[in-house]
Amino acid sequence: MLTLFAGINLGYLVNLLKLTFPFYLLLLVIMGLFNIEQVKLLTHKEILTPLFSMPQGWPIVGGLTFSQEGTLYGINIILKTLTMILVLPLCIFTSNINQIVIGLVRLQIPYKIVFIISSTLIFFPQLFASAGSIIEAQKLRGLDLEKMNLFTRFKVYSTVAVPLILNAMNQSQVLEVVLQSKAFSGSSQRTYLQETKLTSLDYGVMASSLAFWGIVIICIFALESENLPGYCTIRQENLQF
Amino acid sequence: MKAIATLNKVSYCYPNAREFALKDIDLTLYQGEFLGIIGATGAGKTTLSLIFNGIVPQFTAEVFWVATVAGMDTLETPVSQLSRRVGMVFEDPEVQLTGTSVENEIAFALENLCVPRAEIIARIPPVLAAVRLKGYEKKAPGELSGGQKQRLAIAAALALQPDLLILDEPTSQLDPVGTQEVFSTIQALNRERGMTIVIISHAAEEMATYADRVAVLSQGRLIKVGTPQEVYGDVESLSYYCLRPPQIAEAFGQLPEFPYPIPVTLEAGKSALRSFLELKKPVSYSLKNTYPPDEAAPILRIQNLQYIYPNGTQALNNISLDIHAGEYVLFVGQNGAGKSTLVKHFLNLLEPTQGQVLVRQRPVQELSIGKLARFIGYVAQNPDNQIFNSTVFQEVAFALRYLNYSPRLIEESVTKSLQDLKLWEHRDAHPLSLPKGERARIIIAAILAMNPEIIILDEPTTGQDFAGACAILEISRKLHRMGKTVIVITHHLYLMPDYAERVIVMGKGNILLDAPTRQAYHKADLLESTYLSPPQVVWLSRYLSNLTQEDYSLLTAAEFASCFKPIN
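About the cut-offs
- Residues numbered from 1 in each chain as written.
- Chains lettered and ligands numbered in written order.
- Predicted model: local features only at pLDDT ≥ 70, side-chain atom pairs only at ≥ 80, totals over all residues.
- Heavy atoms only, no water.
- Core = buried A, V, L, I, M, F, W, Y, C linked by side-chain atoms within 4.5 Å.
- Buried < 20%, exposed > 50% of the residue type's maximum accessible area, 1.4 Å probe, protein only.
- Helix = DSSP H or I, 4+ residues; strand = E, 2+ residues; numbered from the N terminus.
- Domains from an automatic or database assignment.
- Contact = heavy atoms within 4.5 Å.
- Pairing = 2+ DSSP bridges.
- Axes fitted to C-alpha atoms, helices over the stretch in contact; angles between N-to-C directions.
- Buried area = accessible area lost by both parts, 1.4 Å probe.
- Salt bridge = Lys/Arg side-chain N within 4 Å of Asp/Glu carboxyl O.

Attention shifts here to the nonpolar core. Residues and elements named next belong to chain B. Judged by nonpolar contacts, the single largest core of 77 residues is most densely connected at I154, L165, F252 and F560. Ranked by residue count, the leading element in this core is helix α5 (residues 146-158), at 6 residues. Two domains share this core, each providing at least three of its residues, namely domain 1 (3-243) and domain 2 (253-280 + 540-562). Apart from residues lying up to four places away in sequence, L165 is in contact with G87, V89, I154, A157, L158, L189, M195, T196, I197 and V198. In terms of nonpolar packing, the next biggest core, distinct from the first, is built from 52 residues, A440, I472, M496 and A520 among them.

What follows is the structure, given as structure tokens:
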């Protein structure tokens, strides 16, 4: 939600969800059907509440019961991973890369590593653009990916990697020369055009988030003593999301 | 004159290479001069340029030389120190920009050199003014046009306040507007600020106009250094080294009994023509009409096509156009004029906002991607994005396997296609082990293996040297003679009059002109209005028409020469 409010392209989020959806479905099924022992242990219950049963005749899943607790646990894991995935675009798209760079440098992280991070951030959009034009080139050779079966499609997709990697390697060689000619040595001894100053707003945000997490952690411990860990973790994730 | 860099018997061999990239180069560079370096692909031009800032011997190999730049030995001085004195601008506008904004790009090298922040801030405005990019400080480099990106790269190099500025093919990926921007910027730096310039470029016309001296490299050896007049005027030896002379020199080089030194710039050409006319009268030139009207149904019909990008930019504005079977059509215009967008509609890669494209009277949307690819072959710009396999043979056969060709048919069509493009002896080589010109031919071979009726070449000559460009255009001519419909998109007008029959000029999503080549090339004012420059022979023949009060609509150097030849 927060990610959406921050004005990040909706299409990007939809794509992200599309990409991760199969994994989540798989997670949900596994948790609901198979992960009986761990869920029992976590909820301290002997018998799980059944939601529905699979018909006997089905292979693998035949006769298994889809449990309510397992489903909740699955949703919990999904929310956890989603938080991690969504925090990244929130951070990258809403901040100026220069500010991130200088922030990291002031955290005493070696400039070499900071430079790798910042050039990765610049490099990725370029990589996607070049992957797009490679796929277009394949279409131009008459390869209709939409009409292929999954196996052939995968085989064709894997060939995209060849020009992608070779081009990237080629570019990195050029980049090496470019950086040398710009006196880049990777040493942390350098000056910066931008300055980051922490304003009172920044301090306020930091303090309030610290306080928030403090309260959450206290809540967890308080609730844990009441033997409701499953409920608690789910609540916590909802808060984050 | 004060020498700013001296190379004394410089030889260099890359690690693991069998042959020397440079051999016994002696070259002195003087303060404030504008030196052009020319040579075919693989002649060692880039290696030579990297010697000046000391990067080349860093990848140590067999080195035995003395090279000094601004009084420093390039072998003993660290690159970071040399980089203060030598600014570099590279070919690819994308790769060389590492900053996140225009001002950060300029600051990057200065930051690396620990220049204090106040000093960096003070240096940014003057260099932006020098390349006319004031007001762009906060923009991201990605938002700039190609010409602006290269100017930014020049600004970043200037911020170091170097003694010497080296540009390695800075315009080869730019459209004519961008090329003009870059050359005029460099010229102003050289003339007004006395900056020493070394530039590697295939743009012969510009080099002849701007350079003080031109150096010719071939296979790692320095063949010749001289004034543009001395180098470009020697048309014969240029062609021996596979280099293209300015068209003016080519035209005068073919004149029989031309008593003066061969002019290399348009201005010199005009005055040479004036004096030559006093010696010899030209015969009148009869125009052949090479453009037969076509009554048959068009192979490709575009009806009221309009396309608006998702962000609201109107890319195509109500375009209607017929292309007939067997035509050779040239699409020209600046980047962003809508050429590629239009062509993508032929292949159903974009869905029109309005209007439609008919292929043999059928809307393209009705045809599958596979069918369309077998009917229209499109050779996209960057060959390196289109190579997926480990041998040339497999590369050409790649798509056929998925198009359900029988093994025998694959074998046959691939063999034929490879032989047609003279790639048969390379069939087992890795595509990327071949030079750029041949890589482009592999892609053409892969497209031709599907035997399409229409072949579209998108900027086939970009990044190719003269020999490579000619080889590709010869293929297009061959295809045309076989009865195929050929469509070429290009900026390089001077290469095309021998090949194209019809020229379509596009600008801002509209068709500005659709005419037979000769007529189109002589609409010089219209071409200029969209920053395309007609070849020098066109200007020369207009001048000739003015002087003689006769109509000379000449297109090529050979036609110009034929006006002065005795009729056999």
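All names here are of chain B. Across the sheet, 6 strands lie side by side as β17-β18-β19-β14-β20-β21; this open sheet has mixed pairing. Because the sheet does not close on itself, it has two edges, and the strands there are β17 (376-379) and β21 (510-516). Here the average twist between neighbouring strands, direction ignored, is 15°. One ladder, built from 4 bridges, connects strand β14 (residues 328-332) with strand β19 (residues 485-489); its direction is parallel. What sits directly across from L330, in β19, is V488. Helix α16 (residues 436-448) rests against β17 and β18 (454-458) of the sheet, and its axis sits at about 170° to β17.

Here the focus is the domain arrangement of chain B. All names here are of chain B. Splitting chain B by domain gives domain 1 (3-243), domain 2 (253-280 + 540-562) and domain 3 (327-337 + 368-534). For domain 1 versus domain 3, the separation of C-alpha centres amounts to 31 Å. Here domain 1 packs against domain 3, burying approximately 980 Å² in sum over the two surfaces, 57% of which is carbon and sulfur. A per-residue breakdown of the area domain 1 buries against domain 3 is headed by D175, P176 and V177, which together make up 41% of the total. Where domain 1 touches domain 3, the interface holds 0 salt bridges.

Now for unusual backbone geometry. All names here are of chain B. In this structure, D24 is a non-glycine residue whose phi angle is positive, near 50°. Even without a glycine there, the phi angle at Q219 is positive, about 45°. Positionally, Q219 belongs in the loop between β10 (213-218) and β11 (221-226). Assessed through its relative accessible area of 67%, Q219 is described here as exposed.

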